[in-house]
Amino acid sequence: MADETDREETVVAEFHKKIKGAFEVFDHESNNTVDVREIGTIIRSLGCCPSEGELHDLIAEIEEEEPTGYIRFEKFLPVMTEILLERRYRPIPEDVLLRAFEVLDTANRGFLTKDELIKYMTEEGEPFSQEEMEEMLSAAIDPESNSINYKDYISMMVIDEN
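What you see is a predicted model, and the numbers here were worked out from it, not measured in a lab. (Residues numbered from 1 in each chain as written. Predicted model: local features only at pLDDT ≥ 70, side-chain atom pairs only at ≥ 80, totals over all residues. Heavy atoms only, no water.)

Caption draft 1: Structural context of the overall build of the protein chain. A tally of helices and strands in the protein chain yields 8 helices and 4 strands. When the elements of the protein chain are put in sequence order from the N terminus, they spell out α-β-α-α-β-α-α-β-α-α-β-α. The principal-axis extents of the C-alpha atoms in the protein chain amount to approximately 55 × 40 × 25 Å. Considering only intrachain contacts with a sequence separation of at least 6, the fraction spanning at least 24 residues in the protein chain is 60%. (Helix = DSSP H or I, 4+ residues; strand = E, 2+ residues; numbered from the N terminus. Contact = heavy atoms within 4.5 Å.)

What follows is the structure, encoded as C-alpha cells:
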C-alpha cells in the first residue's frame, strides 16, 4: 500500500512541476497570475484538448468571484492536477481523426480543398473562429495545391503519448 501511495505522490509531484512550468511561461509579471485568455494555451500545452465550451466551463470554475481577467496559480493548480490525474480532455486518436476526414472526402481523393475545409470547419459542429481557422490553414494547407493531404496533417498533429 505504501508503494502505491508513494507512486501516486510522485505522479502528483511531476504533474505539479509540469503545470507550474507551463503556467510560468505566461506569468509575465512573476506574480502567480496569467491572463485568462492564455488558459487554453496552457491547458493544451499540457496535452489536454478541451472544446471551447469545456474551456469556458473550466475558466468559470477557476476564475475569481469577481472576474479580474487574470487566473491565480493557486486556483489553477488543483483543478489542472485533477484533470491530468483523471486523463480528461485526451486528444482524439489518430484512427478516429482519419475516419472523420474520410467521411468528408466523399470522392476518396486523400485530400480536401481549402474551400471544402473552410466550409466544414466553420459551418458544421462547433464552428472554428476566424483566428482558429487561419491557424489551422497555415499549418494544414499545402500552398502549391491549395489543399490538405489529411493523412500527412493528422500524423503531424497527433500527440505521441509515450
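Caption draft 2: Quick peek at the nonpolar core. Among the nonpolar cores identified, the biggest contains 25 residues, and Ile19, Ile39, Ile42, Ile43, Phe76 and Met80 are the most heavily contacted of them. Contributing elements (two or more residues each) for this core: helix H1 (2-26), helix H2 (39-45), helix H3 (52-62) and helix H4 (73-86). Counting residues per element, this core draws most heavily on H4, at 7 residues. Beyond its immediate stretch of four places on either side in the chain, Met80 contacts Ile19, Ile43, Leu46 and Cys48. (Core = buried A, V, L, I, M, F, W, Y, C linked by side-chain atoms within 4.5 Å. Buried < 20%, exposed > 50% of the residue type's maximum accessible area, 1.4 Å probe, protein only.)

Caption draft 3: Fine view of the layout of surface pockets. A volume near 1,600 Å³ is recorded for the largest pocket. In terms of lining, the largest pocket is formed by 33 residues, of which the most central are Arg44, Cys49, Phe128, Glu132 and Met157. Residue assignment for the lining of the largest pocket shows that the elements contributing at least two residues are H2, H3, helix H5 (94-104), helix H6 (114-123), helix H7 (130-140) and helix H8 (150-157). Per-class residue counts for the lining of the largest pocket are 20 nonpolar, 4 polar and 9 charged. (1 Å grid on protein atoms, 1.4 Å probe; cavity = no way out; pocket = protein on both sides within 12 Å on 5 of 7 lines; lining within 4 Å. Points joined across faces, edges and corners; volume = space filled by probe spheres on them. Nonpolar A, V, L, I, M, F, W, Y, C, P; charged D, E, K, R; others polar.)

Caption draft 4: Region of the structure containing the pattern of salt bridges. Under the defined criterion, the tally for this structure stands at 11 salt bridges. Across the salt bridge formed by Glu64 and Arg72, the nearest N and O atoms sit 2.4 Å from each other. Close ionic contact of Asp95 with Arg99 constitutes a salt bridge, the shortest N to O distance being 3.4 Å. Here Asp95 and its partner Arg99 are both found in helix H5, 4 residues apart, which amounts to about one turn of the helix. By relative accessible area, which is 44% here, Asp95 ends up partly exposed. Arg99 sits in the partly exposed class, given a relative accessible area of 47%. (Salt bridge = Lys/Arg side-chain N within 4 Å of Asp/Glu carboxyl O.)

Caption draft 5: Main features of the domain arrangement of the protein chain. The assigned domain composition of the protein chain is domain 1 (1-86) and domain 2 (94-157). For domain 1 versus domain 2, the separation of C-alpha centres amounts to 30 Å. (Domains from an automatic or database assignment.)

Caption draft 6: How the structure looks around the packing of aromatic side chains. A full pass over the atoms with the stated rule returns 3 aromatic pairs. Both rings, one in Phe23 and one in Phe76, keep their centres 5.5 Å apart while their planes meet at 35°; by these two values the pair is tilted. Of the two residues, Phe23 sits in helix H1 while Phe76 sits in helix H4, which places them 53 residues apart along the sequence. One aromatic cluster is present, formed by Phe23, Phe73 and Phe76 through successive ring pairs. (Phe/Tyr/Trp six-rings, centres within 6.5 Å; stacked < 30°, edge-to-face > 60°.)

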